[in-house]
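Observations on the three-dimensional arrangement
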Amino acid sequence: EADIYQTPRYLVIGTGKKITLECSQTMGHDKMYWYQQDPGMELHLIHYSYGVNSTEKGDLSSESTVSRIRTEHFPLTLESARPSHTSQYLCASSEWPGQGDNSPLHFGNGTRLTVT
Amino acid sequence: GESVGLHLPTLSVQEGDNSIINCAYSNSASDYFIWYKQESGKGPQFIIDIRSNMDKRQGQRVTVLLNKTVKHLSLQIAATQPGDSAVYFCAENISNRDDKIIFGKGTRLHILP
């Protein structure tokens, strides 16, 4: 069972609102990620982090921000929601064996966001 | 059943048969590959991974094959069960670079009774 939790599970919000999607993991993983996924489609990387105080931009990062103040917590903020943000947002974490090595991602069950 | 070509959105397989899901990855420098299973309403779930110094790896009922010459990855599921119905994604990563894991387009596996 994955120990990574996302809230809210579903969110419907009006255009222009500021929203924060929460993600927490209890596995002590250093690396965390946010992906955006439209139904049945591939995942697109929004942001990722190597650890506390580390944040990196992915391919779709321009309209959102993240913070990593604690290892277990990696919230995603949309400053001004638009209908084009309607999608599923998936948070993931992984161990970081070190530079040049890899480990698989563990995903939460996502937040389904609808912007009206 | 077997999917061929760059991407087949849906693969239908008879229950009990073996399934083969194919993936063509994009970057010849990729050296780590992962298969994920995503059921409806859930996040992707790790199935199996393989590093570029291997060409085959087996798990429980699953086998991943890697052909670096043609940049091709496949997932074989033995004795397909109804619980295998899901969308399957391959993903690639390049070590010693930016640690981004890039996902391919998924293949929906549909199990026929």
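Here's what I pulled together on the structure shown here. (Residues numbered from 1 in each chain as written. Chains lettered and ligands numbered in written order. Predicted model: local features only at pLDDT ≥ 70, side-chain atom pairs only at ≥ 80, totals over all residues. Heavy atoms only, no water.)

**Considering the sheet that holds strand 6 (residues 62-67) of chain B**
All names here are of chain B.
- Taken in spatial order, the four strands of this open sheet run 2-7-6-5, and their pairing is antiparallel. Two strands in the sheet have a free side with no partner beyond their single neighbour: strand 2 (19-24) and strand 5 (56-58). For this sheet the average axis-to-axis angle between neighbouring strands, irrespective of direction, equals 15 degrees.
- Note: strand 2 against strand 7 (residues 72-77), six bridges, orientation antiparallel. The residue bridging Ile20 from the neighbouring strand is Gln76, located in strand 7. (Pairing = 2+ DSSP bridges. Helix = DSSP H or I, 4+ residues; strand = E, 2+ residues; numbered from the N terminus. Axes fitted to C-alpha atoms, helices over the stretch in contact; angles between N-to-C directions.)

**Quick word on the packing of aromatic side chains**
- Across all of its chains, the model carries ten aromatic pairs over all chains by this definition.
- Put simply, the rings of Tyr33, Tyr35, Tyr48, Tyr50 and Phe107 of chain A together with Tyr36, Phe46 and Phe103 of chain B touch in pairs and so form one group of aromatic residues.
- Its end group placed over the ring of Tyr10 of chain A, Arg9 of chain A keeps NZ or CZ at 5.5 Å from the ring centre.
- Just above the ring of Phe74 of chain A sits the side chain of Arg68 of chain A; from NZ or CZ to the centre is 5.8 Å. (Phe/Tyr/Trp six-rings, centres within 6.5 Å; stacked < 30°, edge-to-face > 60°. Lys NZ or Arg CZ within 6 Å of the ring centre and 35° of its normal.)

**A closer look at the interface of chain A and chain B**
- Each partner contributes residues to the interface: chain A has 27 residues there, and chain B has 22 residues.
- Carbon and sulfur atoms make up 46% of the area that chain A and chain B hide from each other, which totals about 2000 Å².
- On the chain A side of the interface with chain B, the three residues burying the most area are Glu42, Asn102 and Pro104 of chain A, jointly 25% of the side's total.
- Linking chain A with chain B are one salt bridge.
- The tally of links between chain A and chain B comes to six residue pairs in polar contact (both at pLDDT 80 or more).
- Of all elements in the fold, only strand 4 (31-37), strand 5 (43-49) and strand 9 (87-94) of chain A reach the threshold of two or more residues within the side of chain A that touches chain B.
- Among the elements that make up the side of chain A that touches chain B, the one with the highest residue count is strand 4 of chain A (four residues).
- When the residues that make up the side of chain A that touches chain B are grouped by side-chain class, the tally is twelve nonpolar, eight polar and seven charged. (Contact = heavy atoms within 4.5 Å. Buried area = accessible area lost by both parts, 1.4 Å probe. Salt bridge = Lys/Arg side-chain N within 4 Å of Asp/Glu carboxyl O. Polar contact = N/O pair within 3.5 Å; in protein donor to acceptor, adjacent residues only side chain to side chain. Nonpolar A, V, L, I, M, F, W, Y, C, P; charged D, E, K, R; others polar.)

**What to know about the sheet that holds strand 3 (residues 19-25) of chain A**
Residue and element names in this part refer to chain A.
- Strand order in this open sheet of four strands is 1-3-8-7, and the pairing throughout is antiparallel. Taken across any chain shown, the strands that pair with only one partner, and hence form the sheet edges, are strand 1 (4-7) and strand 7 (65-66).
- Pairing geometry for strand 7 and strand 8 (residues 76-78), over two bridges, is antiparallel. Along strand 8, the bridge assignment pairs Thr65 with Thr77.

**What to know about the pattern of salt bridges**
Residues and elements named next belong to chain A.
- The tally for this structure, following the rule as stated, stands at seven salt bridges over all chains.
- The partner of Lys18 in a salt bridge is Glu79, with the nearest N and O atoms 3.9 Å apart. With Lys18 in the loop between strand 2 (10-13) and strand 3 and Glu79 in the loop between strand 8 and strand 9, the pair connects residues that are 61 residues apart, well separated along the chain.
- A relative accessible area of 55% means that Lys18 is categorised as exposed. (Buried < 20%, exposed > 50% of the residue type's maximum accessible area, 1.4 Å probe, protein only.)

**Concerning the state of the cysteines**
Residues and elements named next belong to chain B.
- With the rule as written, the count across this model stands at two disulfides over all chains.
- A disulfide bridge connects Cys23 with Cys90, and the sulfur atoms are separated by 1.7 Å. Between Cys23 and Cys90, the disulfide has an S-S torsion of 45 degrees and is therefore right-handed. Here Cys90 lies in strand 8 (residues 86-93) and Cys23 lies in strand 2, a separation of 67 residues in the sequence.
- Judged by its relative accessible area of 6%, Cys90 is buried. (Disulfide = S-S within 2.5 Å.)

**A closer look at the side chain of Gln25 of chain A**
Residue and element names in this part refer to chain A.
- As for its placement among the helices and strands, Gln25 is situated in strand 3.
- Within polar-contact distance, the side chain of Gln25 engages the backbone nitrogen of Met27 at 3.1 Å.
- Filtering out sequence-adjacent residues up to four positions away, Gln25 remains in contact with Asp3, Ile4, Met32, Arg68, Thr71, Glu72 and Ser93.

Keep in mind that these numbers describe shape and distance, not what the molecule does.
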